[in-house]
Amino acid sequence: MSLNGAEWMARSLAQSGQSHVFFIDAVLRPTLMRLEALGVQPVLAHSEKGAAYMADGYARLSGRPGVVAAQSVGAANLAAALQDAWLGRAPMIALSGRKQPAAQHRNAYQEVPHGPLFAPVTRSSVAVEAAADLPRLFRQAWSAATVAPPRPVHLDLNGLMGEVIEQGDTGQAEPADFSEWNAPRHRPAPDTAILAELAGRLAAPGKLAILAGDGAALSSCGEALLAVAERLQAPIATSLGARDLLPSRHPLNIGVAGSYSAPPANRILHEAEVVLLVGCDMGDQVTHAWRIPGPSTTLLQIDADPLELDRCPAALSLQADPRTALEALLPLLGTAPRDAGYAESAGRQIAEWRAAVTPRLESAEAPIDPARLCAEISANLPEDGVLVADTGYSGIWTGTLIEFNGTGQRYLRAAGSLGWAFPAALGAKCAAGARKVVCYSGDGALYYHLTELETAKRRGIAITLVVNNNRGFGQGWPNLVRAAGNRPEVAGTLLRFGEHTDFCAIAAGFGLRGIRVEKPEEIGPALREAMASDETVVVEVMTGIDHRAPEPWAPEVKA
């Protein structure tokens, strides 16, 4: 006896290892009820974006596709929510309902042609007209989501709530098993001739650095990357998304490069004569508007994504999974000693910067310096803990000042969507099991999805939600003050929030606890208390809007 669409989807998702799916009603109700009966938790969110960001966080931590669903009315919102997953290279399967063909092009209530909205933010967007098509198209979607680089995919299901597909006969007697189809599903090996040429170029004398990007992080190539860097005595910079790939304190780690960088990393990279790009897309953020590395630097490239090859003027490009390529490269590099002068100079610059920033990491100021908050998170994040950070200033603070062990700890960051971090942290916790998840959000970002506190309470999802509360949008504050003629009272009408908001009281209104922190010495105890809880706790840290995050270095513009 064959399975109908609802039974086939539910059993396939359960058999494939999904622990949670995320949705906004009203969609796929029989499927969701069947999933719950099979032990997969359906998580109802308060907006399509909230649900999608949860699925995104789940996907990034687990490596398996995050599944999110919304009915036709919310499909446009769902499409907009996939932007961060697309930019962040997360495997996701977005399911939407669509009114039946007889209702199309007739001014159906609340319906717009939403299919085109998914085109910029998915690898594949396909209409599923009949249940018999579902197994084939679902299989293709899962595969497309998990190849390198992972990306969201979209299945548009016939029926406002997908009911035509749910009720129809799939023609399949058994569910599909995608349990081994995690990202990256395939690890292409390098061409041996190109690999040998790369090894020869890397062995040549000169100032050699490595820039590892989000593709390197997706490949989990940290161990191989360090082995190659140590053999070559090459300083390593990372993109923000690869911040957790290496131990922050490794002598060759010079930190995050680009626009969200502490000063030494860009300066060191700019000095390099040769830079090996490992899974790095060379966009404007990681290159600080294409100014880093320098224009005369020779670029060598390893990337699994063929579309990234030669996007920059590389002297040699190798398509391969970064981890597979680096492991194959290591024995070709030989054991001849290399001049360590450049690496030692880089180490001195990093040490000098660390010494300069230490007083801020130990600051006793009130309002609290966010640098001290970062130091306390570094000290208290468990060995296998997960930190989820928002974009903007949250990304800069955490990317420059929070340190990671490069082994069990993870760092997930918004790829550009402010407000992403809190719902994404809830989704990450759904994938994390017993591991502790800490979310670092500014107050401006948290306002986007405060309602998901109710979701955290209802579903028993326990994270530590740290709110860097400076009562405004801090990143652009000094520029706006200058534009306003150095009159903060004028600038404040555009970027400051009211002083009456109490996030701890808001948490209490949702049935959760909040801890207000006004003195630096209270941060550590508050973090430990929150992480020990079996439910979400809000840690509201009162910081100053005039505290500046580290500024990136850029080369001088020649007249």
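Above this text sits the structure in question.
Described below are features of the structure shown in this document. Small disclaimer: the values here were computed from a predicted structure and weren't measured.

Some points on the packing of aromatic side chains
Reasoning step 1: Counted under the stated rule, the structure contains 11 aromatic pairs.
Reasoning step 2: Members of the aromatic cluster, joined through ring pairs, are W8, F138, W142, F178 and W181.
Reasoning step 3: Here the guanidinium or amino end of R151 rests over the ring plane of W86, the centre of that ring lying 4.2 Å away.
Reasoning step 4: Over the ring of W181 we find R185, and its NZ or CZ is 3.5 Å from the ring centre.

Observations concerning the pattern of salt bridges
Reasoning step 1: According to the stated counting rule, one finds 23 salt bridges in the structure shown.
Reasoning step 2: Its salt-bridge partner being R29, residue D25 comes within 2.7 Å of it at the nearest N-O pair.
Reasoning step 3: For D25, a relative accessible area of 36% puts it in the partly exposed group.
Reasoning step 4: Here D56 ties to R60 by a salt bridge, and the two come within 2.7 Å at their closest N and O atoms. Note that D56 and R60 are positioned in helix α3 (residues 48-62) at a spacing of four residues, about one turn of the helix.
Reasoning step 5: Relative accessible area serves as the criterion here: at 14%, R60 is assigned to the buried category.

Focus on the nonpolar core
Reasoning step 1: Ranked by size, the top nonpolar core spans 52 residues in total, and within it V388, I463 and L465 carry the most contacts.
Reasoning step 2: Apart from residues lying up to four places away in sequence, I463 is in contact with F422, A425, L426, K429, V437, C439, E535, T536 and V537.
Reasoning step 3: Judged by nonpolar contacts, the second largest core, of 35 residues, contains W353, I368, I523 and L527.

Considering helix α13 (residues 341-361)
Reasoning step 1: Taking 1.5 Å of rise per residue, 21 residues should cover 30 Å, and α13 covers 29 Å from first to last C-alpha, within 8% of that figure.
Reasoning step 2: Of all the bends found along α13, the most pronounced is centred on A355 and spans about 30°, while P359, a proline, follows it within four residues.
Reasoning step 3: Of the residues making up α13, those classed as buried are Y342, A343, A346, Q349, I350, W353, R354 and V357.
Reasoning step 4: Each element contacted by the buried residues of α13 is listed here: β7 (208-212), β9 (253-256), α11 (263-271) and α15 (393-401).

Notes on the pairing of strand β1 (residues 20-23)
Reasoning step 1: Side-chain alternation along β1 places H20 and F22 on one buried face and V21 and F23 on a second face that is also buried.
Reasoning step 2: Taken together, β1, helix α2 (residues 29-37) and strand β2 (residues 41-44) constitute a β-α-β crossover, and its handedness is right-handed.
Reasoning step 3: For β1 and strand β3 (residues 66-70), the ladder comprises two bridges, and the chain directions are parallel. By the bridge assignment, F23 is partnered in β3 with A69.

Conventions adopted
Residues numbered from 1 in each chain as written. Predicted model: local features only at pLDDT ≥ 70, side-chain atom pairs only at ≥ 80, totals over all residues. Heavy atoms only, no water. Phe/Tyr/Trp six-rings, centres within 6.5 Å; stacked < 30°, edge-to-face > 60°. Lys NZ or Arg CZ within 6 Å of the ring centre and 35° of its normal. Salt bridge = Lys/Arg side-chain N within 4 Å of Asp/Glu carboxyl O. Buried < 20%, exposed > 50% of the residue type's maximum accessible area, 1.4 Å probe, protein only. Helix = DSSP H or I, 4+ residues; strand = E, 2+ residues; numbered from the N terminus. Core = buried A, V, L, I, M, F, W, Y, C linked by side-chain atoms within 4.5 Å. Contact = heavy atoms within 4.5 Å. Expected span 1.5 Å × (residues − 1). Bend = angle between axes of the 7 residues up to and from the residue. Right-handed = clockwise from strand over helix to strand, strands pointing away. Pairing = 2+ DSSP bridges.

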